[in-house]
Amino acid sequence: MAKLPEMTKHRGIPSGLPGTGFQFTIRRANPRGVTAIISRRRMADRTPTEKLADTAFLHALWHKFGDEPFERGNLDAGRISWLFGREIVAAEDPFDAQSYTAMLQIDERVGRANYPAAFEDVLVV
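**Here's the deal with the overall build of the chain**
Regarding its fold elements, the chain presents three helices and three strands. Taken against the 2.2 N^0.38 rule, which gives 14 Å for 125 residues, the C-alpha radius of gyration of the chain at 14 Å falls within 12% of a compact globule. With the principal axes as the frame, the chain shows a C-alpha extent of 40 × 35 × 30 Å. By the burial criterion, 39% of the 125 residues in the chain qualify as buried. The long-range fraction of contacts in the chain, counting pairs at least 24 apart against all pairs at least 6 apart in sequence, stands at 74%. Carbon together with sulfur atoms contributes 50% to the accessible area of the chain, which is approximately 7,300 Å² in total.

Right under this line is the structure:
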């Protein structure tokens, strides 16, 4: 088996939204290559559970990192992609969307406008 790339594991970030298949972190690096972060278009017909997953993920990130830049590490690329380019932005230029060491940052203004509950002290799920 090939040696897996190094990947920071963020302790304190939940693995996912309980009772759903929505994950927030991955267990190990992908041996076939790093999944790229993209900006996914959010449609109006998203379910309340999908919106709650975004809120809970942003809540976890905000309470771990605040407005400081953070490394992608073991954060799930799919979950980041739903917020990327809006609530989560690149914190470096050039930005490597296929790197576990890519630096990201929360855009607090956009995040508070779109997901105000994510910035509360407690989020009940």
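**A short note on the side chain of Arg 46**
Structurally, Arg 46 is set in the segment before helix H1 (48-65). Polar side-chain contacts of Arg 46 include one of 2.7 Å to the side chain of Asp 54. For Arg 46, the contacting residues outside a window of four places in its chain are Lys 51, Asp 54, Arg 79, Trp 82 and Tyr 115.

**What about the nonpolar core?**
In terms of nonpolar packing, the biggest core is built from 25 residues, with Phe 57, Leu 61, Ile 80 and Ile 88 touching the most fellow members. Going through the elements one at a time, H1, helix H2 (77-83) and strand S3 (103-106) are the ones with two or more residues in this core. Take this core: its biggest share by element is eight residues, from H1. Beyond its immediate sequence surroundings of up to four residues, Ile 80 is in contact with Ile 37, Phe 57, Arg 72, Leu 75, Ile 88 and Leu 104.

**Some points on the sheet that holds strand S1 (residues 70-71)**
Strand order in the open sheet made by the three strands is S1-S3-S2, with antiparallel pairing throughout. In this open sheet, the two edge strands, each paired with only one partner strand, are S1 and strand S2 (88-90). Of the strand pairs in this sheet, S1 and S3 are connected by two bridges, and their pairing is antiparallel. Within the sheet, the bridge partner assigned to Glu 71 lies in S3 and is Met 103.

Calculation criteria
- Residues numbered from 1 in each chain as written.
- Predicted model: local features only at pLDDT ≥ 70, side-chain atom pairs only at ≥ 80, totals over all residues.
- Heavy atoms only, no water.
- Helix = DSSP H or I, 4+ residues; strand = E, 2+ residues; numbered from the N terminus.
- Rg over C-alpha atoms; globule rule 2.2 N^0.38 Å.
- Buried < 20%, exposed > 50% of the residue type's maximum accessible area, 1.4 Å probe, protein only.
- Contact = heavy atoms within 4.5 Å.
- Areas by Shrake-Rupley, 256 points an atom, 1.4 Å probe, with all protein chains shown as cover.
- Polar contact = N/O pair within 3.5 Å; in protein donor to acceptor, adjacent residues only side chain to side chain.
- Core = buried A, V, L, I, M, F, W, Y, C linked by side-chain atoms within 4.5 Å.
- Pairing = 2+ DSSP bridges.

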